[in-house]
Amino acid sequence: MANKYDLIVIGSGPGGYVAAIRASQLGKKVAVVEKAEIGGICLNWGCIPTKALLKSASVFEYISHAENYGITVKDSKADFGGMIKRSRGVADTMSKGVQFLLKKNKIDQLLGFGKVAANKTVTVTADGKTESYAADNIIIATGGRSRELPNLPIDGKKIIGYREAMSLPKQPKKMVIVGSGAIGVEFAYFYNSIGTEVTIVEYMPNIVPVEDEDISKQLLRSFKKQGMNIMTEAEVTSVDTKGTGCKVTVKTKKGEEQIECDIVLSAVGVSTNIEGIGLEDVGVMTDRGKIVVDDYYKTNIPGIYAIGDIVHGPALAHVSSAEAIICVEKMCGESPEPLDYGNIPGCTYCTPEIASVGMTEKAAKEAGYEIKVGKFPFSASGKAQAGGNSEGFVKVIFDAKYGEWLGCHLIGAGVTDMIAEAVVARKLETTGHEIMKAIHPHPTMSEAIKDAVEDAYGEAIHL
Amino acid sequence: MANKYDLIVIGSGPGGYVAAIRASQLGKKVAVVEKAEIGGICLNWGCIPTKALLKSASVFEYISHAENYGITVKDSKADFGGMIKRSRGVADTMSKGVQFLLKKNKIDQLLGFGKVAANKTVTVTADGKTESYAADNIIIATGGRSRELPNLPIDGKKIIGYREAMSLPKQPKKMVIVGSGAIGVEFAYFYNSIGTEVTIVEYMPNIVPVEDEDISKQLLRSFKKQGMNIMTEAEVTSVDTKGTGCKVTVKTKKGEEQIECDIVLSAVGVSTNIEGIGLEDVGVMTDRGKIVVDDYYKTNIPGIYAIGDIVHGPALAHVSSAEAIICVEKMCGESPEPLDYGNIPGCTYCTPEIASVGMTEKAAKEAGYEIKVGKFPFSASGKAQAGGNSEGFVKVIFDAKYGEWLGCHLIGAGVTDMIAEAVVARKLETTGHEIMKAIHPHPTMSEAIKDAVEDAYGEAIHL
Amino acid sequence: KPAVQKSESGRFYSPLVMTIVREEGISMKELDGLTGTGHDGRVTKKDILALVRSKRPKNYVD
Ligand SMILES: Cc1cc2nc3c(=O)[nH]c(=O)nc-3n(C[C@H](O)[C@H](O)[C@H](O)COP(=O)(O)OP(=O)(O)OC[C@H]3O[C@@H](n4cnc5c(N)ncnc54)[C@H](O)[C@@H]3O)c2cc1C
Ligand SMILES: Cc1cc2nc3c(=O)[nH]c(=O)nc-3n(C[C@H](O)[C@H](O)[C@H](O)COP(=O)(O)OP(=O)(O)OC[C@H]3O[C@@H](n4cnc5c(N)ncnc54)[C@H](O)[C@@H]3O)c2cc1C
């Protein structure tokens with residue numbers, strides 16, 4: 001077979017393209033198979049285009065409150081089409097950027113549907129033609145797609161998933177968003193802030209249910225203040241799409257309720273793309289929709305690896321990329337440390353932003369720790385006051401016995417850029433002491449982390 | 001003497017008020033003497049009100065570029081008076097906040113001019129009356145004021161210092177700013193962005209001369225793009241204020257030049273408030289305008305300490321506060337570590353923001369290190385693209401031998417909230433390895449730090 | 001207050017490791033004798049907790 005590679009990666013998302021580049025850096029001959037856009041969901045339909053929309057929304061919000069900053073604005077309008085266009089443009093630029101990186105690293109791009117086959121072969125089908133490629137190693141990084149609930153079948157018009165939500169032809173007047181994880185609340189913030197009437201329906205008692213309860217409560221307060229309608233412990237039992245709009249039936253603890261809207265966004269999680277890619281043919285083991293791998297992302301079949309959204313662990317771009325590097329370095333004979341899944345930050349980019357790493361207060365208690373908790377509200381921060389961003393707080397959790405930094409939970413302006421401090425400090429096995437004694441510059445939002453740690457240790461100056 | 005304290009602090013800035021609160025926490029009976037506003041320069045005429053103005057400017061800039069984000073704005077106007085009023089309001093709120101904290105900690109506020117006198121006494125003079133107070137310990141934290149150059153005497157009308165610059169009755173049309181340290185460039189950005197024609201005159205070859213040269217060059221490019229006129233290796237030799245405006249004579253390498261403007265802002269540094277406060281009477285040693293202290297801020301006179309802008313080290317609020325805590329803890333018999341002056345971040349809040357810690361490339365080379373340098377431009381960052389903030393970069397400097405993180409230099413949007421990662425990691429004695437292996441969330445600006453470290457180690461994925 | 005201490009061998013230990021060492025009364029010599037599983041043999045929380053567990057000193061509660 002002429003087409004022989006050291007490594008073939010199926011899927012070009014932040015798992016796949018990073019794996020390919022790292023392998024190429026380590027001297028391997030590499031190809032990437034991609035059936036849709038280079039860069040995967042993350043660059044084309046996930047992380048990046050949503051952040052572009054959210055930036056438009058936050059600029060629009062500043063304009064709406066311009067007089068607070070000593071600026072008079074006569075007349076402003078959110079141009080929905082313009083925002084969508086900008087977002088698609090940013091996604092495009094980033095996708096081209098990855099194409100450039102792949103070329104620069106001499107990685108072949110095999111466009112088409114990839115499938116693993118016997119004897120370490122990958123078949124690529126495009127336009128009805130199938131080619132075979134041999135490889136010493138294969139990494140599967142085919143990522144995910146919107147999960148569908150039985151009562152909420154996505155039709156792409158009135159009941160939509162995230163793709164349609166970021167490319168609608170016109171702005172809906174009323175929207176029901178089902179699910180309040182990161183994707184749900186990001187779209188909720190975006191649409192609400194540009195004038196759509198938004199209702200969030202969440203099955204659990206709290207919105208952003210994976211976060212610390214205090215964070216959920218703050219976001220609830222903030223979102224209500226922004227004018228959203230929020231229903232928790234609630235479930236969509238059916239959607240009637242026969243008329244001009246939708247009639248959504250929601251079951252709550254108080255009974256059933258009907259909500260009318262133009263569009264229902266289903267944001268209830270992600271399913272994995274593991275069907276029809278040959279796993280059964282070669283015998284790759286899966287478990288509840290995920291491919292089973294070891295600490296270095298080896299499947300049960302020698303030479304076949306899997307990373308990203310299709311393996312256990314949180315479905316996040318930075319996790320996919322980290323797994324990619326560990327997988328490839330190990331494959332190439334280096335000795336990377338396994339990923340510490342206990343130290344992975346999660347971010348949500350609505351306003352106020354949320355960022356957290358480590359255990360929630362509840363999880364720490366359930367794990368049997370005796371804890372010290374510290375909190376610092378941005379309302380007491382000089383920089384937050386100066387910036388007009390005094391909503392939110394920092395919450396830190398320490399083990400009372402050894403001083404380990406068990407968890408850090410932030411909600412407020414710009415906190416997604418502040419959580420790295422906690423990740424790095426935890427990686428370096430800090431205790432609270434070092435954070436208090438590291439000089440945080442004044443005036444910054446990041447000082448609030450130090451202030452919260454001081455609070456945990458009973459030494460808060462600014463409270 | 002009835003008025004007996006464990007500790008009297010002269011000056012209520014971020015040095016003084018923090019010292020007072022920490023001492024009160026440790027069980028001391030404390031008073032603070034203040035002749036002007038509680039909270040010092042920082043809260044009233046420094047860090048905080050300038051950041052309020054800068055926020056107004058950046059909101060105004062967003063409005064001016066609203067169409068980039070898919071927003072149409074018909075008519076917008078910077079209301080200079082409104083911006084100033086907001087800034088004064090924020091300063092006021094913060095000053096009241098500190099008054100509240102002092103009360104809460106049962107610290108007496110002695111309003112008037114404080115002086116140290118023999119036998120550990122402090123005299124406080126207000127409205128012509130002088131009271132004496134005894135104390136076991138005295139901390140001097142009287143801070144600084146605008147430095148005046150002989151050729152640039154501040155008249156408060158046409159040749160002004162920072163106080164007037166943040167409280168002018170009306171916006172100048174043309175302004176010459178002398179000095180391009182943090183204060184100079186922050187005002188330059190503010191005034192230029194709201195429509196004042198700004199010229200910066202800097203004596204040194206680079207603007208922001210304490211920063212790494214690459215940072216200075218980037219800021220120069222950015223400021224020129226924003227339309228400022230920038231003169232380096234230039235010196236104001238005289239200002240003629242006789243006419244309606246000012247005629248500023250600037251000596252450059254090419255010869256002399258005359259610039260007309262409404263207002264000249266002198267931003268050439270800070271002098272210390274050490275005159276007339278009794279230092280000579282009690283024999284406190286000074287050296288070139290600063291009070292001489294040891295590692296724990298003791299002066300040569302037992303029981304008298306000095307902290308903040310009036311002692312050696314960078315004149316920054318976070319330094320004053322850190323010194324305050326170390327000074328007080330030591331005084332109270334604890335064992336604080338001395339401050340590591342090599343790990344103090346410096347921030348400048350113009351757009352693009354600047355944040356740095358540790359050595360510049362030049363300093364590292366001069367210190368004899370063999371170095372590894374890594375750089376990552378925000379133009380290659382997905383978050384920066386999505387946010388429309390692709391100007392600037394991250395530059396990191398490592399010791400090639402042991403991997404020590406010698407310096408970190410950031411310029412770009414929001415970087416003042418990102419530098420804490422480097423400060424904390426350096427405090428925890430990281431090498432580059434741990435930074436690369438700590439999972440930075442995607443998509444964030446903070447990823448660029450990890451990317452720059454990867455570049456230093458020859459493992460950059462995204463370059 | 002946990003100060004960052006240096007070992008006699010000059011090895012660097014993380015603040016968390018040092019806190020555990022102090023809390024559990026482990027000697028610097030024992031610590032220096034430990035082989036770490038971290039990057040470049042660094043002793044991590046995991047390694048020191050394993051030592052604590054193996055010794056089960058009086059004040060250790062499982
Ligand atoms: C709206 C939204 C917002 C998000 N925001 C964030 C965020 O802010 N931060 C964050 O960390 N994560 C975010 N995520 C999650 C993030 O996008 C995913 O975790 C990440 O993209 C997973 O990377 P991956 O490489 O595993 O797979 P993907 O990015 O899903 O890439 C898989 C690629 O494989 C291709 N592919 C699939 N099957 C085949 C096949 N058989 N043959 C060839 N190619 C194939 C797909 O076309 C796709 O391009 C978001 C997700 C969504 C939907
Ligand atoms: C425009 C500007 C912007 C700045 N921005 C920043 C920034 O962003 N970040 C940063 O870190 N630093 C910044 N600084 C520097 C910062 O303000 C100072 O480093 C800090 O205020 C020093 O604190 P301090 O406690 O030593 O003194 P100060 O804050 O100067 O406080 C001293 C106090 O003592 C009082 N006082 C003086 N003499 C007497 C006396 N004899 N009796 C009674 N009271 C007396 C004064 O009235 C004053 O209130 C800025 C400074 C300026 C001017």
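Fair warning: this is a prediction, and the values are worked out from it, not measured in the lab. (Residues numbered from 1 in each chain as written. Chains lettered and ligands numbered in written order. Predicted model: local features only at pLDDT ≥ 70, side-chain atom pairs only at ≥ 80, totals over all residues. Heavy atoms only, no water.)

**Some remarks on the overall build of chain A**
Along the backbone of chain A there are 14 helices and 26 strands. Compactness check: chain A gives a C-alpha radius of gyration of 24 Å against a globular reference of 23 Å for 463 residues, within 12% of the reference. Based on the C-alpha atoms only, the size of chain A along its principal axes is roughly 70 × 60 × 45 Å. Going through the 463 residues of chain A one by one, you find that 59% of them count as buried. Considering only contacts within chain A whose residues lie at least 6 apart along the sequence, 63% involve residues at least 24 apart. With the model as given, the accessible surface of chain A reaches about 17500 Å², and the carbon-plus-sulfur share is 50%. Considering chain A, the positive charge centre built from 51 side chains and the negative charge centre built from 57 side chains are found 4 Å apart. (Helix = DSSP H or I, 4+ residues; strand = E, 2+ residues; numbered from the N terminus. Rg over C-alpha atoms; globule rule 2.2 N^0.38 Å. Buried < 20%, exposed > 50% of the residue type's maximum accessible area, 1.4 Å probe, protein only. Contact = heavy atoms within 4.5 Å. Areas by Shrake-Rupley, 256 points an atom, 1.4 Å probe, with all protein chains shown as cover. Lys, Arg positive; Asp, Glu negative; His and termini not counted. Charge placed at Lys NZ, Arg CZ, Asp CG, Glu CD.)

**Looking at the pairing of strand β17 (residues 263-266) of chain A**
Residues and elements named next belong to chain A. Both faces of β17 are covered, namely the face carrying Ile 263 and Leu 265 and the face carrying Val 264 and Ser 266. As paired elements, strand β11 (residues 174-178) and β17 share 4 bridges and run parallel to each other. Residue pairing in the sheet places Ile 177 in a bridge with Leu 265 of β17. (Pairing = 2+ DSSP bridges.)

**Concerning the site of ligand 2**
All names here are of chain B. Near ligand 2 there are 41 residues, and of these Glu 34, Lys 51, Gly 114, Asp 309 and Ala 317 occur at the shortest range. Within the side chain of Ser 320, a nitrogen or oxygen atom sits 3.2 Å from an oxygen atom of ligand 2. The protein chains hide 95% of the 990 Å² of surface that ligand 2 would expose on its own. Within the residue set of the shell around ligand 2, elements represented by two or more residues are β2 (30-34), α2 (40-45), α3 (47-64), β6 (113-117) and α9 (317-331). Residues of the shell around ligand 2, tallied by class, amount to 19 nonpolar, 17 polar and 5 charged. (Near = heavy atom within 4 Å. Polar contact = N/O pair within 3.5 Å; in protein donor to acceptor, adjacent residues only side chain to side chain. Nonpolar A, V, L, I, M, F, W, Y, C, P; charged D, E, K, R; others polar.)

**Structural notes on the interface of chain A and chain B**
Taken together, the contact pairs 88 residues of chain A with 88 residues of chain B. Surface buried jointly by chain A and chain B totals about 7300 Å² across both partners, of which 65% is contributed by carbon and sulfur atoms. The largest share of the area that chain A buries against chain B comes from A:Asp417, A:Ile439 and A:Ile461, three residues that together contribute 10% of it. Two residues, B:Arg22 and A:Glu459, come together in a salt bridge whose shortest N-O distance is 3.6 Å. Across the contact surface, chain A and chain B share 35 residue pairs in polar contact (both at pLDDT 80 or more). Strand direction decides the pairing type here: strand β4 (residues 76-78) of chain A and strand β3 (residues 71-73) of chain B, joined by 3 bridges, are antiparallel. Following the sheet pairing, A:Ser76 is matched in β3(B) by B:Val73. (Buried area = accessible area lost by both parts, 1.4 Å probe. Salt bridge = Lys/Arg side-chain N within 4 Å of Asp/Glu carboxyl O.)

**Some details on the UniProt feature "domain: Pyridine nucleotide-disulphide oxidoreductase dimerisation" (unreviewed entry) in chain A**
UniProt records the feature "domain: Pyridine nucleotide-disulphide oxidoreductase dimerisation" (unreviewed entry) at residues 344-452 of chain A, using the numbering of this structure. Taken end to end, residues 344-452 of chain A comprises 29% helix and 28% strand; its first and last C-alpha atoms sit 20 Å apart. (UniProt positions renumbered as here; feature names shortened; annotations may be inferred.)

**Examining the nonpolar core**
By size, the foremost hydrophobic cluster in this structure holds 149 residues, and its most contacted members are A:Phe223 and B:Phe223. With 7 residues, the single largest contributor to this core is helix α3 (residues 47-64) of chain A. Discounting residues that sit within four places of it in the chain, A:Phe223 has contacts with A:Val185, A:Ala188, A:Tyr189, A:Ile200, A:Ile207, A:Met228, A:Ile230, A:Cys350 and A:Thr351. (Core = buried A, V, L, I, M, F, W, Y, C linked by side-chain atoms within 4.5 Å.)

**Notes on the site of ligand 1**
Taken together, 41 residues form the shell around ligand 1, and within it A:Gly15, A:Glu34, A:Lys51, A:Gly114 and B:His442 come nearest. A distance of 3.3 Å separates an oxygen atom of ligand 1 from a polar backbone atom of A:Cys42. At 2.8 Å, a backbone N or O of A:Ala317 approaches an oxygen atom of ligand 1. Protein contact buries 95% of the 990 Å² of open area that ligand 1 shows by itself. Broken down by secondary-structure element, the contributors of at least two residues to the shell around ligand 1 are β2 (30-34), α2 (40-45), α3, β6 (113-117) and α9 (317-331) of chain A. Here the shell around ligand 1 gets 4 residues from one element, more than from any other, and that element is α2(A). Of the residues that constitute the shell around ligand 1, the class distribution is 19 nonpolar, 17 polar and 5 charged. Taken together, domain 1 (4-145 + 271-341) and domain 2 (159-268) of chain A each give at least three residues to the shell around ligand 1, which thus spans both. (Domains from an automatic or database assignment.)

**Examining helix α3 (residues 45-55) of chain C**
Within α3(C) the residues assigned to the buried category are C:Asp47, C:Ile48, C:Leu49, C:Leu51 and C:Val52. Of the surrounding secondary structure, the elements contacted by the buried residues of α3(C) are α1 (15-23) and α2 (28-32) of chain C.

**Comments concerning the domain arrangement of chain A**
When cut into domains, chain A gives domain 1 (4-145 + 271-341), domain 2 (159-268) and domain 3 (352-456). Centre-to-centre separation of domain 1 of chain A and domain 3 of chain A, based on C-alpha positions: 31 Å.

**A few points about the interface of chain C and chain B**
Taken together, the contact between chain C and chain B spans 6 residues of the former and 7 residues of the latter. Summing both sides of the interface, chain C and chain B together bury roughly 580 Å²; the carbon and sulfur share of this comes to 46%. Taken together, the connections running from chain C to chain B amount to 1 salt bridge. The interface formed by chain C and chain B contains 1 residue pair in polar contact (both at pLDDT 80 or more). For the side of chain C that touches chain B, a count of residues per class yields 2 nonpolar, 1 polar and 3 charged.

**Some remarks on the sheet that holds strand β23 (residues 353-358) of chain A**
All names here are of chain A. Ordered by their spatial adjacency, 5 strands build an open sheet running β22-β23-β26-β25-β24, and the pairing between neighbours is antiparallel. Each edge of the open sheet carries a strand with a single partner, namely β22 (346-348) and β24 (371-377). With direction set aside, neighbouring strand axes in the sheet form an average angle of 10°. Bridge count for β22 against β23 is 3 bridges, and the pairing is antiparallel. Within the sheet, the bridge partner assigned to Cys 347 lies in β23 and is Ala 355. Its contacts with the sheet place helix α7 (residues 213-225) against β23, β24, β25 (393-399) and β26 (405-412), and it is angled at close to 5° to β26. Packing of helix α12 (residues 420-427) onto the sheet brings it into contact with β23 and β26, and relative to β26 it is tilted by some 175°. (Axes fitted to C-alpha atoms, helices over the stretch in contact; angles between N-to-C directions.)

**Here we look at the relation of the copies chain A and chain B**
Superposing chain A onto chain B requires a rotation of 180° together with a translation of 0.0 Å along the rotation axis, leaving an RMSD of 0.0 Å. Both chain copies can therefore be described as sitting about a two-fold axis. Ranked by how close their C-alpha atoms come to the rotation axis, the residues of chain A are headed by A:Glu421, at 2.1 Å. Both copies share a contact surface, since 100% of the interface residues of chain A are interface residues in chain B too. (Least-squares fit on C-alpha atoms with pLDDT ≥ 70 in both.)

**Section: the packing of aromatic side chains**
The geometry of two aromatic rings is summed up by the distance between their centres and the angle between their planes. According to the stated counting rule, one finds 15 aromatic pairs over all chains in the structure shown. Centroid distance A:Tyr62 to A:Tyr69: 5.8 Å. Interplanar angle 70°. Geometry classified as edge-to-face. Of the two residues examined, A:Tyr62 and A:Tyr69, each falls in the buried class. Between B:Tyr5 and B:Tyr133, the ring centres sit 6.4 Å apart and the planes meet at 45°, which makes this aromatic pair tilted. In this pair, B:Tyr5 is assigned in strand β1 (residues 4-10) and B:Tyr133 in strand β8 (residues 129-140), connecting sequence segments 128 residues apart. (Phe/Tyr/Trp six-rings, centres within 6.5 Å; stacked < 30°, edge-to-face > 60°.)

**Focus: the packing of helix α1 (residues 16-25) of chain B against helix α4 (residues 80-104) of chain B**
All names here are of chain B. Where α1 meets α4, the axes come as close as 10 Å, and the angle between the chain directions of the two elements is 25°. As far as their axial angle goes, α4 and α1 are roughly parallel. The two elements α1 and α4 cross, and the hand of that crossing is left-handed. On α4, the residues touching Tyr 17, Ala 20 and Ile 21 of α1 are Val 98, Leu 101 and Leu 102. (Parallel < 35°, antiparallel > 145°, perpendicular 65-115°, else oblique. Left-handed = near helix turned anticlockwise from the far one by under 90°.)

**Focus on the packing of α3(B) against helix α6 (residues 182-193) of chain B**
All names here are of chain B. The N-to-C vectors of α3 and α6 enclose an angle of 40°; their axes lie 9 Å apart at closest approach. The angle between α3 and α6 falls in the class oblique. The crossing of α3 and α6 is left-handed. Along its contact with α3, which presents Thr 50, Lys 51, Leu 53, Leu 54, Ala 57, Ser 58, Phe 60 and Glu 61, the element α6 presents Glu 186, Phe 187, Tyr 189, Phe 190 and Ser 193.

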